[in-house]
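Below are the chains, spelled out letter by letter.
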Amino acid sequence: DFNLTHEKDSESSDSDENSERGNWSSKGDYLLSMVGYAVGLGNVWRFPYLTYQNGGGAFLIPYTLMLALAGLPLFFLECSLGQFGSLGPVSIWRVLPLFQGVGITMVIISAFVTIYYNVIIAYALYYLFASFQKVLPWSDCFSWADEFCSKTQIVSDCNATVRGQIIHANYSYITSNNLTCINGTINYKPVQFPSEQYWNKVALQRSSGLEDTGRIVWYLALCLLLSWIIVGAALFKGIKSSGKVVYFTALFPYVILLILLVRGATLEGALDGIEYYIGRQSNITKLMEAEVWKDAATQIFYSLSVAWGGLVALSSYNRFHNNCYSDAIIVCVTNCVTSVFAGFAIFSILGHMAFVSKRPVSEVVDSGFELAFVAYPEALSKLPVSPLWSFLFFFMLLLLGLDSQFASIETLTTTIQDISPRVMRKLRLPLTIGLCAVLFFLGLVCVTQAGIYWVNLIDHFCAGWGILISAVLEIVGIIYIYGGNRFIEDIEMMIGKKSFYFWLWWRVCWFFITPVLLMAILVWSLITFSSPTYGSVVYPTWGTAIGWCMIIFCVIWIPIVAIVKIAKAEGNLIQRIVSCCRPAENWGPYLAIHRGERYSHVVDPKKQKEHEIPTVSAFVY
């Protein structure tokens, strides 16, 4: 059983509706797990950056529209699908056997992502431990720094007037002769802030490129090991244990964000940062640019974690009559409000950093790794009692990463459980430990001196097109092949009969708007594809080839499984394809008491194994 170490374990609950798979102990466990899964590092390090880049507050208009048109419909679809079938992301494709490869693709992509996502958690752990010092190690140019390290800009040369003539000279000559630089002619030396050099030289010990692997950075490897131990400990009894851990990991980041916001708002220059984030006068004209709408759609899509398999896996442990509609609304709105809220906390302190360093806000703002491990730590180092604020920030990153990781690992263990429930019931603990150990060893390449290049490579390929392809096929398969109206009837079996007008919006989105938007994002991504880079470092050709191999390995199962299914079916080619596009004989509500007349014909899963996941399990495990 997914929930129990042993079938009659003390963690077993007599109140579980589904005694075979188990259910969430409470509604709160499920909602917080979903919020923790959806709210991740991207809410803190990507959304604020996109907002200021795309017109400030005006960006919230396309962002909200994309939430309503693309994010929420797909989120509601996946939650409903998982809850109705009480199955994980692979076995759920009993609903449409021809597309079972889509579920396998989701699981493999989730596996790739868990490898590098825990490495980012390891970075946060390293900085967390480094914060336990009286003086933050990245607050100044210490022994590890080189000649380019500086806390301020250094003048290189400029033009000056001498006896009525304009000369060009280096700055040391200008100052030694008591001359004054002419405005607008000053050139600065290329310098790096201490936090940037600390990130590259100390934390990562970054090599020159992907081809220069170097050695394993031992302290990052230990942090990676610790992060996997934390994940394994939280999941040793499945959702029964992780459902309790998320009460802390999902809620406490909000407390820290509030503390950082209050502290940031009291600093000089904070208002400049906030105005740069939202804008005193938002640039509405930005809405005329297609890039802005593409950014809004992709941010919503990735932020909500749709098409990764995790939403289906987590929802599969709900009680059958749980209101998955209200759950989807609550989680999606919470996710988006968190993004906006995080922006205020981030930009208030970055505004103070710009004030202290006498630079425009635009020069201290960045996204991704640069924001989390360079710009923000640099800003925190300038605050009084800086180790405290640094500790809080990296503790928040740690928690945001962990609860997303919990759900990703549960996606993998749910798949294993659906393949062999008895094995999972008896061997949950060793299987969880074994899975974490395998993923730890696979992640060691990401903590070498070239590790950051591998992290960036996996993120660039696996977390991009593969998810988009899965999402497009998922909505096309469920709505157009299985049948959107049939799917709505399935949902009404769970949440009760609804009016025509209630479903009108969802029908419009599912049948037309959402598939079109997803296809547009996918095509746009293909057209605008560029080879991966990390900063100014260009990847070698073989590195890009590995990236292509990874994404091909993820999506190749879609046609392979489809071909296998068609080959095993009976009749001529057309008849085989048609039969594979019909739900399997054992598709329907997991428990007989919920099947009603519509699914009274369903064969009990224990008795009928046709179309079940073991027919394709050899391709995955």
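As recorded by an unreviewed UniProt entry, the chain carries the name Transporter and is attributed to Zosterops hypoxanthus. Per UniProt, the chain carries the Sequence similarities (unreviewed entry) text "Belongs to the sodium:neurotransmitter symporter (SNF) (TC 2.A.22) family." The annotation that UniProt attaches to the chain under Subcellular location (unreviewed entry) is "Membrane".

**Overview of the overall build of the chain**
In terms of regular secondary structure, the chain is built from 24 helices and 5 strands. Taken against the 2.2 N^0.38 rule, which gives 25 Å for 621 residues, the C-alpha radius of gyration of the chain at 26 Å falls within 12% of a compact globule. Each principal axis of the C-alpha atoms in the chain carries an extent, and together these give about 100 × 50 × 45 Å. Across the 621 residues in the chain, those meeting the buried criterion constitute 59%. Considering only residue pairs separated by 6 or more positions, the chain has 82% of its internal contacts joining residues 24 or more positions apart. For the chain, the exposed area adds up to about 24,900 Å²; of that, 64% sits on carbon and sulfur atoms. Charge-centre separation for the chain: the mean point of 40 positive side chains lies 3 Å from the mean point of 42 negative side chains.

**A word on the pattern of salt bridges**
Overall, the coordinates contain 12 salt bridges when judged by the stated rule. Put simply, Lys294 and Asp295 hold a salt bridge, and the shortest N to O gap is 3.7 Å. Each member of the pair Lys294 and Asp295 is classed as buried. In this structure, Glu492 engages Lys497 in a salt bridge whose closest nitrogen and oxygen atoms are separated by 3.4 Å. Taking relative accessible area as the criterion, Lys497 reaches 71% and is therefore assigned exposed. Taken together, the salt bridges that share partners define one network made up of Glu291, Lys294 and Asp295.

**Notes on the pairing of strand E1 (residues 155–162)**
Judged from the 2 bridges that link them, E1 and strand E3 (residues 187–188) form a sheet pairing that is antiparallel. Pairing of Val155 across the sheet is with Tyr188, part of E3. Bridge count between E1 and strand E2 (residues 165–170): 6 bridges; the pairing is antiparallel. Counterpart to Ala160 in the pairing with E2 is Ile167. Connecting the antiparallel pair E1 and E2 is a turn made up of 2 residues, with Arg163 showing a positive phi of about 50 degrees.

**So, the domain arrangement of the chain**
Domain boundaries in the chain define domain 1 (28–108 + 235–394 + 467–567) and domain 2 (154–190). The distance between the C-alpha centroids of domain 1 and domain 2 comes to 50 Å.

**Re the confidence of the model for the chain**
Looking at the chain as a whole, the pLDDT averages 89, with 95% of positions reaching at least 70. Confidence drops under pLDDT 50 across residues 1–12; counting only partners more than four residues distant or on other chains, this segment forms 47 contacts. Under a pLDDT of 50 for its full length, residues 608–621 has, in the predicted model, 36 contacts with residues more than four places off or in other chains.

**Section: the UniProt feature "binding site: Na(+)" (unreviewed entry) in the chain**
Residues annotated in UniProt with the feature "binding site: Na(+)" (unreviewed entry) correspond here to Gly36, Ala38, Val39, Asn43, Ser303, Asn335, Leu400, Asp403 and Ser404. These annotated residues cover 369 residues of sequence, but their C-alpha atoms sit close together, with the largest distance between any two at 13.9 Å. Note that Val39 resides in the loop between helix H1 (27–38) and helix H2 (41–45). With a relative accessible area of 5%, Val39 lands in the buried category. The residue Leu400 is located in helix H16 (residues 386–419) in this model. With near-sequence residues (within four places) excluded, Leu400 lies in contact with Gly36, Val39, Gly40, Leu41, Val44, Tyr117 and Pro253.

**Digging into helix H8 (residues 218–234)**
Taking 1.5 Å of rise per residue, 17 residues should cover 24 Å, and H8 covers 24 Å from first to last C-alpha, within 8% of that figure. Of the positions making up H8, those classed as buried are Tyr219, Leu220, Ala221, Cys223, Leu224, Ser227, Trp228, Val231, Gly232 and Ala234. Those residues of H8 hidden inside the fold are in contact with helix H5 (100–130), helix H7 (194–203), helix H9 (239–249), H16 and helix H17 (421–442).

**Observations concerning the packing of aromatic side chains**
What the rule picks out here adds up to 64 aromatic pairs. Plain terms: the ring middles of Trp465 and Trp548 are 5.0 Å apart, the flat faces sit at 45 degrees to each other, and that makes the pair tilted. Of the two residues, Trp465 is situated in helix H19 (residues 465–495) and Trp548 in helix H21 (residues 541–555); the sequence distance between them amounts to 83 residues. Trp548 gets classed as partly exposed once you look at its relative accessible area, which sits at 33%. Directly above the aromatic system of Phe502 lies the positively charged group of Lys498, at a separation of 5.6 Å from the ring centroid.

**A look at the nonpolar core**
If you look at the biggest cluster of nonpolar residues, it comprises 206 residues, and the most contacted ones within it are Phe75, Tyr123, Trp199, Phe369 and Trp510. Sorting elements by how many residues they give to this core places H5 first, with 22 residues. Contacts of Phe75, omitting those with residues within four sequence positions, involve Met34, Leu304, Val306, Leu311, Ala328, Val331 and Cys332. Cys158, Ala160, Ala169 and Ile174 belong to the second largest nonpolar core, which has 5 residues in total.

**Here's the deal with the state of the cysteines**
Defined simply, a disulfide is a covalent bond joining two cysteines at their sulfur atoms. What the rule picks out here adds up to 2 disulfides. The disulfide that involves Cys141 links it to Cys149, with 2.0 Å between the sulfurs. Since a negative S-S torsion denotes a left-handed disulfide, the Cys141-Cys149 link at about -85 degrees is left-handed. According to the relative accessible area criterion, Cys141 is partly exposed, its value standing at 27%. In this structure Cys149 comes out as buried when scored by relative accessible area, which is 11%. The side chain of Cys158 participates in a disulfide bridge whose partner is Cys181; the two sulfur atoms lie 2.0 Å from each other. Measuring handedness by torsion sign, the sulfur bridge of Cys158 and Cys181 sits at about -65 degrees and is left-handed. Here Cys158, found in strand E1, pairs with Cys181, found in the loop between helix H6 (171–176) and E3; they are 23 residues apart in sequence, far enough to count as distant. The pair formed by Cys158 and Cys181 is uniform in burial state, with each residue classed as buried. For the chain, the bonded cysteines connect in the pattern 1-2, 3-4 when numbered consecutively along the sequence. Considering cysteine sulfurs only, Cys336 is the nearest to Cys332, which forms no disulfide, with 6.7 Å between them. The exposure class of Cys332 is buried, given its relative accessible area of 1%.

Quick notes on the rules
Residues numbered from 1 in each chain as written. Predicted model: local features only at pLDDT ≥ 70, side-chain atom pairs only at ≥ 80, totals over all residues. Heavy atoms only, no water. UniProt positions renumbered as here; feature names shortened; annotations may be inferred. Helix = DSSP H or I, 4+ residues; strand = E, 2+ residues; numbered from the N terminus. Rg over C-alpha atoms; globule rule 2.2 N^0.38 Å. Buried < 20%, exposed > 50% of the residue type's maximum accessible area, 1.4 Å probe, protein only. Contact = heavy atoms within 4.5 Å. Areas by Shrake-Rupley, 256 points an atom, 1.4 Å probe, with all protein chains shown as cover. Lys, Arg positive; Asp, Glu negative; His and termini not counted. Charge placed at Lys NZ, Arg CZ, Asp CG, Glu CD. Salt bridge = Lys/Arg side-chain N within 4 Å of Asp/Glu carboxyl O. Pairing = 2+ DSSP bridges. Domains from an automatic or database assignment. pLDDT = per-residue confidence, 0-100. Expected span 1.5 Å × (residues − 1). Phe/Tyr/Trp six-rings, centres within 6.5 Å; stacked < 30°, edge-to-face > 60°. Lys NZ or Arg CZ within 6 Å of the ring centre and 35° of its normal. Core = buried A, V, L, I, M, F, W, Y, C linked by side-chain atoms within 4.5 Å. Disulfide = S-S within 2.5 Å.

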